[in-house]
Amino acid sequence: MQRNFMWTLKQLHILLEQYGKRQMQGMDLTPTQSILLHYLLAHKGQEICGVDLHTTLKISKSSVSSTLKALRQKGYVSLREDPLDDRKKQIVLTEKAYNAEQVIQSSLLMQQKHLCEGIPKQRLRWLEEDLEQMLCNLKKEIEQEAAI
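First, a word on scope: everything that follows refers to the structure included in this document.

Conventions used here
- Residues numbered from 1 in each chain as written.
- Predicted model: local features only at pLDDT ≥ 70, side-chain atom pairs only at ≥ 80, totals over all residues.
- Heavy atoms only, no water.
- Helix = DSSP H or I, 4+ residues; strand = E, 2+ residues; numbered from the N terminus.
- Buried < 20%, exposed > 50% of the residue type's maximum accessible area, 1.4 Å probe, protein only.
- Contact = heavy atoms within 4.5 Å.
- Areas by Shrake-Rupley, 256 points an atom, 1.4 Å probe, with all protein chains shown as cover.
- Lys, Arg positive; Asp, Glu negative; His and termini not counted.
- Charge placed at Lys NZ, Arg CZ, Asp CG, Glu CD.
- Patch = residues over 30% accessible without salt bridge, like charges linked within 9 Å, V, L, I, M, F, W, Y side chains within 5 Å.
- Salt bridge = Lys/Arg side-chain N within 4 Å of Asp/Glu carboxyl O.

**A few points about the overall build of the chain**
Now for step 1: Summing up its helical and strand segments, the chain has six helices and two strands in all.
Now for step 2: Each helix (α) and strand (β) of the chain, taken in turn from the N terminus, gives the series α-α-α-α-β-β-α-α.
Now for step 3: Dimensions of the chain, computed from the C-alpha atoms along their principal axes, are close to 50 × 45 × 25 Å.
Now for step 4: Burial statistics for the chain: of 148 residues in total, 23% are counted as buried.
Now for step 5: Counting only contacts in the chain whose residues sit at least 6 apart along the sequence, the fraction spanning at least 24 positions is 55%.
Now for step 6: With an accessible surface of roughly 11000 Å², the chain has 56% of that area assigned to carbon and sulfur atoms.
Now for step 7: Charged side chains of the chain number 21 positive and 18 negative; the gap between the two group centres comes to 5 Å.

Here's what the structure looks like:
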């Protein structure tokens, strides 16, 4: 069962990426860029730096850097010096990002609706709890390996 389960997760990941690409095509955003932008919009008003995204979202520093670079080139974010630390750059959302907020939110809700269609609410709650536990397990394992 484990092998089949891992394969199902991988297929789900691939299909979500493909679906996300189609949804964000008109905005010239990749699924990763739209998810990161969604996170930034959900935390607007907070001072966030790239290292914060790496730490909070457990995304590699290089992925955060390349995604932010692409978002900056596309006009969704800009960077400004952190007054407390010259090495850090604060991420600033642009007007283009704020204009995209509703489209991104609607797209993610539509993806979730299609993904969860036909699954009873109680089973979705259990699934969400189980997925959160799996994430916690993997994060713990990664942190333990990093400590070695």
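Read on, since the account is not over.
**Description of a nonpolar patch on the surface**
Now for step 1: On the surface, M6, L9, L12, L16, L115, L127, L131 and M134 cluster together into a nonpolar patch covering about 610 Å² of accessible area.
Now for step 2: Listing elements by their share of the nonpolar patch, those giving two or more residues are α1 (2-24) and α6 (121-147).
Now for step 3: For the nonpolar patch, the element with the highest residue contribution is α1, accounting for four residues.
Now for step 4: Take L9: it is sitting in helix α1.
Now for step 5: Since its relative accessible area comes to 31%, L9 is described here as partly exposed.

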